[in-house]
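Below, each chain spelled out in residue letters.
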Amino acid sequence: MDMEEIKKGTGVFEQLLKMQAPKVFANFRKHNLVPDMYLLDWLFTLFSRKLPIDIASRVWDSYLLEGEVVMYRMAISIIKMMEKSLQEGCFEDCIMRVNALPEEVLDEDILFKTLEKVSQQIPTSLFLSLKEGLGEVGKKSLRRGKSSRQLNV
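Keep in mind that what you see is a predicted model, and the values were worked out from it rather than measured.

Membership of the largest hydrophobic core comes to 43 residues, with the highest contact counts inside it found for L17, F28, Y38, W42, F47 and I79. Sorting the residues of this core by element identifies helix 1 (3–20), helix 2 (22–30), helix 3 (39–44), helix 4 (53–66), helix 5 (69–81), helix 7 (91–99), helix 8 (108–121) and helix 9 (124–144) as the ones contributing at least two each. For this core, the element with the highest residue contribution is helix 5, accounting for 10 residues. Setting aside its immediate chain neighbours within four residues, F47 contacts W42, A56, V59, M71, M74, A75 and I78.

Below you can see the structure in the form of structure tokens.
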């Protein structure tokens, strides 16, 4: 994956986060907590470093069936499960929670019920249109040296 694709992916995630958890998005912005600090680890390892293997394997199955949109839906689902603490926490608390997922996120039944709800709110068509729409924005921003947090998402 090249740098342009990484920037596009973090930009799409930021847009989804802004739509699905606006208070978390605002708090992360306030504390300069950008997706690069946690999301890349989640996506590059297909959640295998953060979720127990039985849960991660279900995510992998869904990824193989539905494609990359599942990874973004799962990331939003995880954020939504911690939404209350993430919308109020300081930088240190938030970064610690997203990098060492708390016990409530590791409840398989609740996590996949949350994923089901998020999947209804983020159809594949929305994900693809965001990704396509960000393509040109991402290219222009990269030429100007802007990071994903500097994009107006």
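From this point, the narrative continues.
Next up on the list: the pattern of salt bridges. Using the criterion set out here, one finds 10 salt bridges in the structure. In this structure, E66 and R73 form a salt bridge, with 2.9 Å as the shortest nitrogen-oxygen distance. Here E66 falls in the partly exposed class, since its relative accessible area comes to 46%. You can call R73 buried: its relative accessible area is 5%. Linking E68 and K131 is a salt bridge whose minimum nitrogen-to-oxygen distance equals 2.4 Å. One end of the pair, E68, is in the loop between helix 4 and helix 5; the other, K131, is in helix 9, and 63 residues separate them in sequence. Judged by relative accessible area, E68 falls into the partly exposed class, the value being 28%. You can call K131 buried: its relative accessible area is 18%. Connected through shared salt-bridge partners, D41, R49 and K50 make up one network.

Every α-helical turn comprises 3.6 residues, leaving residues that sit three or four positions apart pointing alike. Over its 18 residues, helix 1 extends 25 Å from the first C-alpha to the last, a length consistent with the 26 Å expected when each residue adds 1.5 Å. In terms of burial, helix 1 is a largely internal element, 13 of the 18 residues being buried.

Before going further, it helps to examine the side chain of S77. Mapped onto the secondary structure, S77 falls in helix 5. Judged by relative accessible area, S77 falls into the buried class, the value being 0%. For S77, the contacting residues outside a window of four places in its chain are L111, T114, L115 and V118.

Direction vectors running N to C along helix 5 and helix 8 enclose 120°, while the axes themselves pass 9 Å from each other. The hand of the helix 5/helix 8 crossing is right-handed. Of the residues in helix 8, those in contact with R73, M74, I76, S77, I78, K80 and M81 of helix 5 are I110, L111, F112, T114, L115, V118, S119 and Q121. A class-by-class count of the residues in the contact of helix 5 with helix 8 yields 9 nonpolar, 4 polar and 2 charged.

With that settled, the discussion passes to the packing of helix 1 against helix 5. Look at helix 1 against helix 5: their axes get within 10 Å of each other, and the N-to-C directions meet at 45°. The angle between helix 1 and helix 5 falls in the class oblique. With respect to the hand of their crossing, helix 1 and helix 5 are arranged in right-handed fashion. Residue-level inspection shows G9, F13, L16, L17 and Q20 of helix 1 in contact with helix 5, the latter providing Y72, A75, I76, I79 and K80. Counted by class, the contact of helix 1 with helix 5 contains 7 nonpolar, 2 polar and 1 charged residues.

Thresholds, definitions, all that
- Residues numbered from 1 in each chain as written.
- Predicted model: local features only at pLDDT ≥ 70, side-chain atom pairs only at ≥ 80, totals over all residues.
- Heavy atoms only, no water.
- Core = buried A, V, L, I, M, F, W, Y, C linked by side-chain atoms within 4.5 Å.
- Buried < 20%, exposed > 50% of the residue type's maximum accessible area, 1.4 Å probe, protein only.
- Helix = DSSP H or I, 4+ residues; strand = E, 2+ residues; numbered from the N terminus.
- Contact = heavy atoms within 4.5 Å.
- Salt bridge = Lys/Arg side-chain N within 4 Å of Asp/Glu carboxyl O.
- Expected span 1.5 Å × (residues − 1).
- Axes fitted to C-alpha atoms, helices over the stretch in contact; angles between N-to-C directions.
- Left-handed = near helix turned anticlockwise from the far one by under 90°.
- Nonpolar A, V, L, I, M, F, W, Y, C, P; charged D, E, K, R; others polar.
- Parallel < 35°, antiparallel > 145°, perpendicular 65-115°, else oblique.

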